[in-house]
Protein chains: 2
Amino acid sequence: MTIFNQMVKYDDIELDAVFHALADSTRRAILARLATGDAVVTELAEPFDMSLPAISKHLTVLEKAGLLQRHKDGRIRRCELTAEPLESASEWIGFYKRFWNAQLDSLAHYLEKNRDIANKRHDKSRQEK
Amino acid sequence: MTIFNQMVKYDDIELDAVFHALADSTRRAILARLATGDAVVTELAEPFDMSLPAISKHLTVLEKAGLLQRHKDGRIRRCELTAEPLESASEWIGFYKRFWNAQLDSLAHYLEKNRDIANKRHDKSRQEK
């Protein structure tokens with residue numbers, strides 16, 4: 001295996017973990033809460049109808065993806081957002097921008113063309129009256 | 001439930017499906033292949049050491065996330081990339097850009113500060129010689 005392949009493999013594992021962490025609305029909501037500042041587990045659990053162990057499992061998934069760090073603050077453990085792994089995910093998705101733009105362009109072109117045809121038909125029927 | 005909440009719920013379900021679809025390196029590789037043009041299932045399966053049913057399962061996950069469409073072309077079914085759902089995923093991640101930039105800025109600041117301290121120590125030890 002070449003170094004390049006090893007890098008690809010490493011990136012693949014990292015991207016798997018990041019996208020898996022994002023594939024759940026509770027985990028996305030936890031990240032959104034952490035974006036407003038660090039928090040302890042009970043604060044993070046508050047908006048959800050979920051047990052603390054269930055929230056803890058979500059935190060572990062986020063931690064494994066490198067999106068969350070826990071710090072000891074005396075006897076309290078605070079959670080902090082670490083957003084860097086999202087950059088690779090954003091770059092990966094960014095490659096496809098040209099495709100969704102192209103597909104939206106062709107939809108706009110289709111709608112415009114059909115509007116022109118409809119307008120021409122309308123004008124013609126007015127002239128015929 | 002308000003219309004806004006319903007919209008959020010809909011977006012949540014869509015984002016769950018898109019991020020779940022992206023959380024697998026085989027599925028990401030299939031999307032990368034489709035970015036070069038439409039393909040039939042056997043062409044998509046070629047680079048992978050996987051059975052056709054296994055590849056089919058991956059295609060269904062991509063299809064459910066709205067990232068792939070199958071078209072009948074005579075007796076052949078061709079797969080096409082539909083990239084639009086990636087736009088919402090990209091927008092969701094984009095919100096966190098300020099955080100990964102801020103964290104990289106503070107790392108750069110830390111490295112610069114430590115380089116300055118090291119340089120000062122080096123200058124001082126040269127003067128003392």
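The model shown is predicted, which means the values in this text are computed figures rather than measured ones. (Residues numbered from 1 in each chain as written. Chains lettered and ligands numbered in written order. Predicted model: local features only at pLDDT ≥ 70, side-chain atom pairs only at ≥ 80, totals over all residues. Heavy atoms only, no water.)

Student: How should I be thinking about the packing of helix α2 (residues 25-34) of chain A against helix α4 (residues 52-64) of chain A in this particular structure?
Tutor: Angle between the axes and distance between the axes: these two values describe a pair of packed helices. Residues and elements named next belong to chain A. Contact geometry of α2 with α4 gives a least axis separation of 10 Å together with a crossing angle of 75°. If you check the angle between α2 and α4, you find them roughly perpendicular. Residues Thr26, Arg27, Ile30 and Leu31 of α2 touch α4, and the partners they reach there are Ile55, His58, Leu59, Val61 and Leu62. Per-class residue counts for the contact of α2 with α4 are 6 nonpolar, 2 polar and 1 charged. (Axes fitted to C-alpha atoms, helices over the stretch in contact; angles between N-to-C directions. Helix = DSSP H or I, 4+ residues; strand = E, 2+ residues; numbered from the N terminus. Parallel < 35°, antiparallel > 145°, perpendicular 65-115°, else oblique. Contact = heavy atoms within 4.5 Å. Nonpolar A, V, L, I, M, F, W, Y, C, P; charged D, E, K, R; others polar.)

Student: Would you explain the sheet that holds strand β2 (residues 68-73) of chain A in this entry?
Tutor: Hydrogen bonding along the main chain pairs the strands of a sheet, whether they run parallel or antiparallel. Residue and element names in this part refer to chain A. One open sheet holds the 3 strands; their spatial order is β1-β3-β2, and the pairing between them is antiparallel. A strand with exactly one partner marks an edge of an open sheet, and here the two such strands are β1 (39-40) and β2. Bridge count for β1 against strand β3 (residues 76-81) is 2 bridges, and the pairing is antiparallel. The partner of Val40 across the bridge, within β3, is Arg78. Where α2 meets the sheet, it contacts β1, β2 and β3, and its direction lies at approximately 95° from that of β3. (Pairing = 2+ DSSP bridges.)

Student: Sorry, what's going on with the packing of helix α5 (residues 85-94) of chain A against helix α5 (residues 85-94) of chain B here?
Tutor: Contact pair α5 of chain A / α5 of chain B: the axes reach a minimum separation of 10 Å and the direction vectors enclose 150°. With respect to each other, α5 of chain A and α5 of chain B are oriented roughly antiparallel. As for how α5 of chain A packs across α5 of chain B, the hand of that crossing is left-handed. Contacts between α5 of chain A and α5 of chain B involve Leu86, Ala89, Ser90 and Ile93 of chain A from the first element and Leu86, Ala89, Ser90 and Ile93 of chain B from the second. Tallied by class, the residues present in the contact of α5 of chain A with α5 of chain B amount to 6 nonpolar, 2 polar and no charged. (Left-handed = near helix turned anticlockwise from the far one by under 90°.)

Student: Explain the side chain of Arg28 of chain B to me, please; I cannot follow it from the model alone.
Tutor: Within the secondary structure layout, Arg28 of chain B lies in helix α2 (residues 25-34). In this structure the side chain of Arg28 of chain B is engaged in a polar contact, spanning 2.8 Å, whose partner is the side chain of Asp16 of chain A. Looking at Arg28 of chain B, its side chain comes within polar contact range of the main-chain oxygen of Leu22 of chain B, at 2.7 Å. Aside from chain neighbours lying at most four places away, what touches Arg28 of chain B is Asp12, Leu15, Asp16, Phe19, Trp92 and Tyr96 of chain A together with Leu22 and Ala23 of chain B. (Polar contact = N/O pair within 3.5 Å; in protein donor to acceptor, adjacent residues only side chain to side chain.)

Student: Teacher, can you tell me more about the interface of chain A and chain B here?
Tutor: The accessible area lost on association of the parts is a frequent measure of interface size. Residue-level contacts link 30 residues of chain A with 30 residues of chain B. Counting the contacts that link chain A with chain B gives 4 salt bridges. In this structure, Asp16 of chain B and Arg28 of chain A form a salt bridge, with 2.8 Å as the shortest nitrogen-oxygen distance. The interface formed by chain A and chain B includes 8 residue pairs in polar contact (both at pLDDT 80 or more). Listing elements by their share of the side of chain A that touches chain B, those giving two or more residues are α1 (3-22), α2, β3, α5 and α6 (97-128) of chain A. For the side of chain A that touches chain B, the per-class residue count stands at 18 nonpolar, 5 polar and 7 charged. (Salt bridge = Lys/Arg side-chain N within 4 Å of Asp/Glu carboxyl O.)

Student: Can you help me understand the pattern of salt bridges in this one?
Tutor: When charged atoms on two side chains of opposite charge get close, those side chains can pair. All told, the structure shown has 6 salt bridges over all chains when counted by the stated rule. Its salt-bridge partner being Asp12 of chain B, residue Arg28 of chain A comes within 3.2 Å of it at the nearest N-O pair. Residue Arg28 of chain A is located in helix α2, and its partner Asp12 of chain B is located in helix α1 (residues 3-22); the two belong to separate chains. A single network of salt bridges, built from pairs that share partners, joins Asp12 and Asp16 of chain A together with Arg28 of chain B.

Student: Where do I start with the relation of the copies chain A and chain B in this structure?
Tutor: Note on the chain copies: they are related by a rotation about an axis and a translation along it. Overlaying chain A on chain B yields an RMSD of 0.1 Å, the required transformation being a rotation through 180° with an accompanying axial translation of 0.1 Å. The symmetry that links the two subunits is that of a two-fold axis. Minimal C-alpha separation from the rotation axis in chain A is found for Phe19 of chain A, amounting to 2.6 Å. A share of 100% of interface residues in chain A that are also interface residues in chain B marks the association as one of identical surfaces. (Least-squares fit on C-alpha atoms with pLDDT ≥ 70 in both.)

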